[in-house]
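Each chain, written out:
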Amino acid sequence: MGGWSDWFARDDTIRFGGTPVVIKMENPNNWSISEISDISQDDARRKGKKNAKQITWVLLLRAHRAAGCLASLASGSVGLISAVRRRVSAGRADSSRHHRLYTFIKFSLFLSITLLCFELYAYFKQYHLTIPDYTMAIPSFKVNVNDLFGSIYTGWMRIRGEYIAPPLQFLSDACVVLFLIQSADRLILCLGCFWIKLRRMKPVPKVAFGSKEGSDPEAGEHFPMVLVQIPMCNEREVYQQSIAAVCNLDWPRSNFLVQVLDDSDDPLTQKLIKAEVDKWQESGARIVYRHREIREGFKAGNLKSAMECSYVKDYEFVAIFDADFQPTPDFLKRTVPHFKDNEELALVQARWTFVNKDENLLTRLQYINLCFHFEVEQQVNGIFINFFGFNGTAGVWRIKALEDSGGWMERTTVEDMDIAVRAHLKGWKFIYLNDVECQCELPESYEAYRKQQHRWHSGPMQLFRLCLPDIIRSKIALWKKANLIFLFFLLRKLILPFYSFTLFCIILPMTMFVPEAELPAWVVCYVPATMSLLNILPAPRSFPFMIPYLLFENTMSVTKFHAMVSGLFQLPSSFEWVVTKKSGRSSDGDLVNLMNGKKDDKVSNAPENEKGIVIKKSKKKKKHNRMYRKELMLAFLLLTASVRSLLSAQGLHFYFLLFQGISFLLVGLDLIGEQVD
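Every residue gets a number counted from 1 within its own chain, in the order that chain's sequence is written. Where local features are concerned, this predicted model is filtered to residues with pLDDT of at least 70; where side-chain atom pairs are given and counted, the filter is 80 or more; whole-chain, interface and lining totals use all residues. Each side-chain value is derived from all of the structure's non-hydrogen atoms; neither hydrogens nor water enter the calculation.

### Re the overall build of the chain
Counting its secondary structure elements, the chain contains 19 helices and 11 strands. Each residue is assigned to one of three classes by its accessible area relative to the maximum for its type, calculated with a 1.4 Å probe on protein chains only: buried under 20%, partly exposed between the two thresholds, exposed over 50%. Residues counted as buried form 49% of the 677 residues belonging to the chain. Considering only contacts within the chain whose residues lie at least 6 apart along the sequence, 79% involve residues at least 24 apart. Reported accessibility uses the Shrake-Rupley method at a 1.4 Å probe radius. Residues are deemed covered only where the shown protein chains occlude them. A total accessible area of about 33,900 Å² is found for the chain, and carbon and sulfur atoms account for 59% of it. Secondary structure elements follow DSSP: runs of H or I of four or more residues count as helices, runs of E of two or more count as strands, with numbering from the N terminus. The contact criterion used is simple: two residues touch if any of their non-hydrogen atoms lie within 4.5 Å.

Here is the structure:
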């Protein structure tokens with residue numbers, strides 16, 4: 001007699017009144033039922049009808065499948081509720097140092113809740129108007145005022161119709177106009193990208209180094225001198241893989257030098273990076289280690305200090321890679337040839353790819369954004385106007401162009417955009433290569449992503465204040481000045497976060513409490529959905545995330561709006577520089593190794609370091625998820641407005657406010673990115 005395991009492992013076919021049903025059991029807790037449709041059809045055709053047992057078992061089968069779906073939904077809901085409960089009980093919240101914006105959001109929430117209670121009471125007391133169309137004029141009120149509350153409600157309706165609705169409607173219309181202008185800009189960029197794909201347009205070098213017969217790469221023939229810089233600061237997780245990738249570049253060793261520019265303030269990290277550099281020096285690589293005692297100017301100061309070395313004058317080009325970037329061995333052979341016989345060219349920028357794009361929902365949404373940035377924005381601007389913002393890494397600069405533009409400056413937190421704008425004003429040209437890729441990492445936690453986005457959106461406004469006089473006085477063509485001022489800075493760096501936050505997070509909920517000011521449904525739904533569809537086209541596999549992407553972009557508008565304001569008005573937070581945390585994954589395979597508790601040690605072809613360093617295990621700073629107060633306040637504000645929208649029978653507005661409020665709630669509870677148990 002077979003054991004229980006043999007019985008559970010078999011597939012039994014049970015026939016009830018002509019309906020064959022397969023019961024699959026691996027163990028008592030894992031079983032399933034399925035009917036065999038072909039046999040049942042034959043039986044039904046033979047018998048001509050189904051009996052009661054057949055119908056019963058088919059219904060049981062359907063009920064089992066429905067129960068399985070409900071069980072999985074219930075399990076997911078319970079898990080989500082448990083995570084929320086743990087997050088709230090932990091009580092870890094952001095410091096909310098930005099008091100003005102936080103205070104404004106709290107006041108708006110308090111006002112909305114008060115108005116909601118007010119409106120609900122009036123609704124059930126039938127004080128509300130039944131006129132479906134609200135106009136800007138003062139309506140005629142025929143309300144039987146029997147008590148004080150009725151008088152107050154009548155006065156409130158007069159005030160909002162005469163004094164609140166007109167300015168709110170004006171602000172709404174202005175934001176809609178800005179929204180349409182920005183949407184038109186996005187559409188034109190997409191059409192430009194479509195034209196590039198249709199005509200197969202891409203930069204082609206006039207000659208490839210080492211392509212001539214008889215050339216001797218080791219002798220340096222046809223290969224210019226290239227300086228490779230790796231700026232880093234406390235990048236303990238990624239320094240090995242980046243140094244290994246750069247030292248393995250396919251370029252004559254006598255013709256390129258690697259500078260590891262370490263700004264770490266942790267002594268142990270400094271020793272580890274220095275030991276890695278020594279290891280590669282012993283293997284024959286031309287690599288040097290530099291550490292600044294006085295760490296001024298962040299990344300810009302680090303690069304500026306490195307360019308002051310006496311040996312830099314011997315090099316013609318400089319390639320820059322951040323600490324988490326891993327160029328392919330042929331990177332220089334595919335980028336440097338574009339400088340040949342093109343003396344006006346200052347920069348060749350490569351595309352980023354991401355090893356952890358599928359790690360969690362946050363990385364998937366970032367991937368959509370950055371795919372559009374590189375595939376559409378950078379490529380279109382590079383092909384048609386030879387100018388775009390330098391991405392700070394994975395690019396090769398002509399050293400002469402850097403010097404002619406004034407070199408690296410520490411005046412903003414976006415030194416890469418700063419040098420690109422100054423080089424453009426000097427008449428230099430840029431090339432973007434969409435087919436040359438360089439691997440890197442995306443921030444996996446919302447806290448890291450939030451800080452990164454704050455720096456990326458406050459810096460351009462700092463730069464705009466500083467560069468505006470130089471742009472006006474420059475000798476470049478008028479249309480290039482207009483492009484820099486109105487498109488590059490104002491539309492894409494200032495207007496975008498302004499209208500996103502103002503229109504969808506402030507005006508829309510306010511129009512629910514002031515129905516005399518209207519926001520059309522096409523502004524709330526159709527145009528944003530179309531723009532999201534355009535954004536997602538460069539990453540077609542991310543199409544299922546179109547709606548979450550739309551909601552998340554509106555959620556991030558809070559951070560981007562505050563960053564824009566802080567940069568424009570030179571607030572202290574605009575000068576903060578926080579290094580984005582890395583996980584140290586060198587490839588997609590590291591995701592599997594990480595799940596198995598392993599670390600891929602084969603990150604380089606370097607010889608083993610026999611000297612080694614004794615690393616004393618120290619307590620790491622414990623990571624934890626936190627709550628974000630501004631996002632939570634806005635979540636409750638939008639959810640309150642969604643309830644109010646039901647009183648006005650605005651169905652589309654209700655669904656948008658509901659899901660947008662839930663999106664803010666999930667982000668505010670830090671449930672979207674990396675989860676720390």
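### Things to note about the pattern of salt bridges
Only one rule defines a salt bridge in this text: a Lys or Arg side-chain nitrogen within 4 Å of an Asp or Glu carboxyl oxygen. A complete count under the given rule lists 25 salt bridges for this structure. Here Lys333 ties to Asp250 by a salt bridge, and the two come within 3.0 Å at their closest N and O atoms. Remark: Asp250 occurs in the loop between helix H6 (239-247) and strand S5 (256-262) and Lys333 occurs in helix H9 (residues 331-335); sequence separation between them is 83 residues. Taking the shortest distance from any N to any O, the salt bridge between Glu344 and Lys429 comes out at 3.2 Å. Within this pair, whereas Glu344 is found in the loop between H9 and strand S9 (345-354), its partner Lys429 is found in strand S11 (residues 429-440), the two being separated by 85 residues in sequence.

### Here we look at the sheet that holds S11
The eight strands lie next to each other as S6-S5-S4-S7-S10-S9-S11-S8, forming an open sheet whose pairing is mixed. Both outer strands of the open sheet, strand S6 (287-291) and strand S8 (326-327), are each paired with one neighbouring strand and no more. A pair of strands is labelled paired if DSSP reports no fewer than 2 bridges between them. With nine bridges connecting them, S9 and S11 associate as parallel partners. Residue pairing in the sheet places Leu345 in a bridge with Lys429 of S11. Interaxial angle, 0 to 180 degrees, is taken between N-to-C directions of lines fitted to C-alpha atoms, where a helix line uses only the stretch in contact. Sitting on the sheet, helix H8 (residues 298-307) touches strand S4 (226-232), S5 and S6, and the angle it makes with S4 is about 145 degrees.

### Some details on the UniProt feature "transmembrane region" (unreviewed entry) in the chain
Here the UniProt-annotated "transmembrane region" (unreviewed entry) positions come out as residues 104-124, 176-196, 484-513, 519-537 and 627-647. For residues 176-196, the helix share is 100%, the strand share is 0%, and the end-to-end C-alpha distance is 30 Å. Secondary structure across residues 484-513 divides into 100% helix and 0% strand, with the first and last C-alpha atoms of the span separated by 40 Å. UniProt positions are given in the numbering used here, feature names are shortened, and annotations may be inferred rather than shown by experiment.

### Focus: a nonpolar patch on the surface
Exposure above 30% relative accessible area and the lack of any salt bridge qualify a residue for a patch; like charges then connect within 9 Å, and the nonpolar side chains Val, Leu, Ile, Met, Phe, Trp and Tyr within 5 Å. Together, Leu180, Trp522, Tyr526 and Leu652 give the surface a local cluster of nonpolar side chains, amounting to about 370 Å² of exposed area. Position of Trp522 among the secondary structure elements: in helix H15 (residues 521-536). Relative accessible area serves as the criterion here: at 35%, Trp522 is assigned to the partly exposed category.

### A closer look at the side chain of Arg644
In this structure, Arg644 sits in helix H18 (residues 629-647). On the basis of relative accessibility, which here comes to 4%, the residue Arg644 falls in the buried class. Apart from residues lying up to four places away in sequence, Arg644 is in contact with Leu116, Glu119, Met512, Phe513 and Pro515.

### Side note on the environment of Trp408
Of note, Trp408 is situated in the loop between helix H11 (399-404) and helix H12 (415-425). You can call Trp408 buried: its relative accessible area is 5%. Placed 103 residues apart in sequence, Trp408 and Ser305 show a C-alpha to C-alpha distance of 9.1 Å. Beyond its immediate sequence surroundings of up to four residues, Trp408 is in contact with Ala300, Leu303, Lys304, Met307, Ile320, Phe390, Leu402, Glu415, Asp416, Ile419 and Arg422.

### Overview of the packing of aromatic side chains
Only rings of Phe, Tyr and Trp enter the pairing, Trp through its six-membered ring, and a pair is recorded when the two centres are within 6.5 Å. The plane angle decides the type: under 30 degrees is stacked, over 60 is edge-to-face, the rest tilted. Under the definition given, this model contains 23 aromatic pairs. Judged by centre distance (5.6 Å) and plane angle (90 degrees), the rings of Phe390 and Trp397 are edge-to-face. For Phe390, a relative accessible area of 3% translates into the label buried. With centroids separated by 5.8 Å and ring planes inclined at 45 degrees, the aromatic side chains of Phe504 and Phe656 adopt a geometry described as tilted. Linking Phe504 in helix H14 (residues 478-513) with Phe656 in helix H19 (residues 651-668), this pair joins segments that are 152 residues apart in sequence. Cluster of aromatic residues (ring-pair linked, three or more members): Phe325, Trp352, Phe374, Phe387, Phe388, Phe390, Trp397, Phe430, Tyr432, Phe464, Phe488 and Phe489.

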